[in-house]
Amino acid sequence: MSVEQFSVRGRLADTGEGITGDELQLAARNHGMPMEALRYDVTPAGLHYVLVHYDIPMTNASNWRLTVGGCVEEPLSFGLTELRAMGRRTVRVTLECAGNGRAALQPRPISQPWLTEAVGTAEWTGVLLSDLLRAAGIRSDAVDVVFTGADHGVERGIEQDYQRGLTVTEAIDSGAIIAWEMNGQPLLPQHGYPLRLVVPGWYGMASVKWLRSIELIDHAFEGFQNAVAYRLRTEQDDAGAPVTRIEPRALLVPPGFPDFMSRHRFVAAGTITLEGRAWSGWAPIERVEISTDAGVTWQTAKLDAPGNDEYAWRTFTHDWEATPGEHVLTVRAYDASGREQPIEAPWNRGGFANNSAQRISVLVT
């Protein structure tokens, strides 16, 4: 049997098909952030979402090297001590998996079955990617920057290291950092120890973990994760558009307390302060709207004062006069670029960038 035959191909779920064994296996390996953890300004590392494409590699900071080569004036190699000597910068960034919301689509793309929980906000400490590139000297023929992680596997029949690429302009202007700390502590193994890339504003697939090499190339990068996997397409043979920055999204902290299985919520009648977080990778959030009647009417939420963290979520609140009965809460965000969160996002085969509005069923007693 060949690698191609032994590797599972991408497909859509059949009509009425439930979650598959393969999807359950992925859901057991990866985990989302519990929605109640939206209460934390900075997500504790153990609650931050995790998506690992292949295996978590066994790594050691004491002998780890990061190389910078290709279309540069001077190829370089760094250990962690050398990187730390270049200075340190801490940025607060909201990361979201590109597949967040996939499991709610119809038909459902068979893959990691996220609902709305594939998100988290952390403080990442490291050195600016642009400083490393300038230290190596960017040649005039450099077009793209390729980031290679230590995780290795097979996807749709193609054996590969996990790799992603950015244009030289994106790499320099994005504010990306090479991080060795998360929330003031060394990276955990599942979050990329000992080094990872963090690209603010971009979906999580761009933030390569277990980073071991950076290569500048003189052409557009056509690796699997750029040219095949993370594409917005409606037909199987479409070239599709690349998945890049995070679309605007707002999520409510589920109020009250839950039913164990359904996660439906129970609250007592009276004034309830609804709270949540909103973010976008394109521009700052400028408005959030909340509906307590399944989208029939909308009220503008109160946003907290904007901070200095351009790519971290923003808090919103709204006082709701809850009356007895069943209610459906939903919320939508608008950013300064003119993008708005839809009630139902357009469907695509990969289940990417599904920022459809959240719905929470609440019984007021």
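Scroll up for the structure.
Summarised in this report is the structure supplied together with it. (Residues numbered from 1 in each chain as written. Predicted model: local features only at pLDDT ≥ 70, side-chain atom pairs only at ≥ 80, totals over all residues. Heavy atoms only, no water.)

Another point: the packing of aromatic side chains. A full pass over the atoms with the stated rule returns four aromatic pairs. Geometrically, the ring pair formed by Tyr49 and Trp114 is edge-to-face, given 6.1 Å between the ring centres and 85 degrees between the ring planes. Here Tyr49, found in the loop between α2 (21–29) and β1 (66–70), pairs with Trp114, found in the loop between β3 (89–96) and β4 (119–128); they are 65 residues apart in sequence, far enough to count as distant. Accessibility classification places Tyr49 together with Trp114 in one group, the buried group. The ring of Tyr334 carries the charged tip of Arg287 above its face, separated from the ring centre by 3.7 Å. The ring of Trp298 carries Arg332 above its face, with NZ or CZ at 3.7 Å from the centroid. (Phe/Tyr/Trp six-rings, centres within 6.5 Å; stacked < 30°, edge-to-face > 60°. Helix = DSSP H or I, 4+ residues; strand = E, 2+ residues; numbered from the N terminus. Buried < 20%, exposed > 50% of the residue type's maximum accessible area, 1.4 Å probe, protein only. Lys NZ or Arg CZ within 6 Å of the ring centre and 35° of its normal.)

Tracing the backbone through its elements, the reader meets Glu215 in strand β10 (residues 211–217). Counting along the chain gives 73 residues from Glu215 to Ala142, while the straight-line C-alpha distance between them is 9.6 Å. In contact with Glu215, not counting residues within four places along its chain, are Gly69, Gly70, Asp144, Val145 and Val146. (Contact = heavy atoms within 4.5 Å.)

Take the nonpolar core next. If you look at the biggest cluster of nonpolar residues, it comprises 53 residues, and the most contacted ones within it are Leu129, Phe147, Ile178, Met205 and Ile214. In this structure Leu129 touches Phe147, Ala171, Ala176, Ile177, Ile178, Leu197 and Ile214, once residues within four positions along its chain are discounted. Counting residues in hydrophobic clusters, the runner-up holds 20 residues, among them Ile290, Val331, Val362 and Val364. (Core = buried A, V, L, I, M, F, W, Y, C linked by side-chain atoms within 4.5 Å.)

What follows covers the side chain of Thr315. By the secondary structure assignment, Thr315 is in strand β20 (residues 314–322). Among the residues examined, Thr315 registers a relative accessible area of 18% and is labelled buried. Here the side chain of Thr315 touches Arg277 through a polar contact of 2.6 Å, side chain to side chain. Sequence-distant contacts of Thr315, defined by excluding residues within four places in its chain, comprise Asp41, Gly276, Arg277, Lys302, Leu303 and Asp304. (Polar contact = N/O pair within 3.5 Å; in protein donor to acceptor, adjacent residues only side chain to side chain.)

Counted by the stated rule, this structure contains 12 salt bridges. A salt bridge links Glu96 to Arg249, with the nearest nitrogen and oxygen atoms 2.7 Å apart. Of the two residues, Glu96 sits in strand β3 while Arg249 sits in strand β13 (residues 249–252), which places them 153 residues apart along the sequence. Note on accessibility: Glu96 and Arg249 belong to one class, buried. Here Glu289 ties to Arg332 by a salt bridge, and the two come within 2.7 Å at their closest N and O atoms. Placement of Glu289 in strand β17 (residues 285–291) and of Arg332 in strand β21 (residues 325–335) is noted, with a sequence separation of 43 residues between them. Taking the relative accessible area as the measure of exposure, Arg332 reaches 18% and is therefore buried. (Salt bridge = Lys/Arg side-chain N within 4 Å of Asp/Glu carboxyl O.)

To continue, consider helix α4 (residues 129–136). Among all positions in α4, only Leu129, Ser130, Leu132, Leu133 and Ala136 are buried. Down the axis of α4, the smallest arc covering the buried residues is 160 degrees, so these residues share one side. With its phi angle positive at about 85 degrees, Gly137 sits one or two positions after the end of α4. (Arc of directions from axis to C-beta.)

So, about the environment of Asn63. Here Asn63 lies in the loop between α2 and β1. Separated by 16 residues in the primary sequence, Asn63 and Gly79 have C-alpha atoms spaced 7.2 Å apart.

With that out of the way, let us pick up the sheet that holds β13. Across the sheet, four strands lie side by side as β13-β16-β20-β19; this open sheet has antiparallel pairing. Of all strands in the sheet, those with a lone pairing partner are β13 and β19 (302–303), marking the two edges. (Pairing = 2+ DSSP bridges.)

What follows covers the side chain of Thr59. Note that Thr59 resides in the loop between α2 and β1. On the basis of relative accessibility, which here comes to 14%, the residue Thr59 falls in the buried class. From its side chain, Thr59 meets the backbone oxygen of Tyr193 in a polar contact 2.8 Å long. Leaving out residues up to four positions away in the same chain, Thr59 has contacts with Trp64, Tyr193, Pro194 and Trp210.

Pairing of β13 with strand β16 (residues 270–279), which is carried by four bridges, proceeds in the antiparallel orientation. Residue pairing across strands places Arg249 opposite Trp279, the latter belonging to β16. In this sheet, β20 lies alongside β16 in antiparallel orientation, the contact comprising nine bridges. Its bridge partner being in β20, Thr271 is matched across the sheet by Glu321.

Strand order in this open sheet of six strands is β14-β15-β22-β21-β17-β18, and the pairing throughout is mixed. Only two strands of the sheet have a single neighbouring strand rather than two, namely β14 (257–258) and β18 (299–300). Sheet topology places β14 next to strand β15 (residues 265–267); two bridges connect them, and they run antiparallel. Of the residues in β15, the one forming a bridge with Pro258 is Arg265.

Bringing the pairing of β21 into the picture now. Among the 11 residues that make up β21, nine are buried, leaving the element largely enclosed by the rest of the structure. Looking at chain direction, β17 and β21 are connected through six bridges and run antiparallel. Within β21, the residue paired with Ser291 across the bridge is Thr330.

Interpretation note: all reported values are geometric properties and have no functional meaning in isolation.
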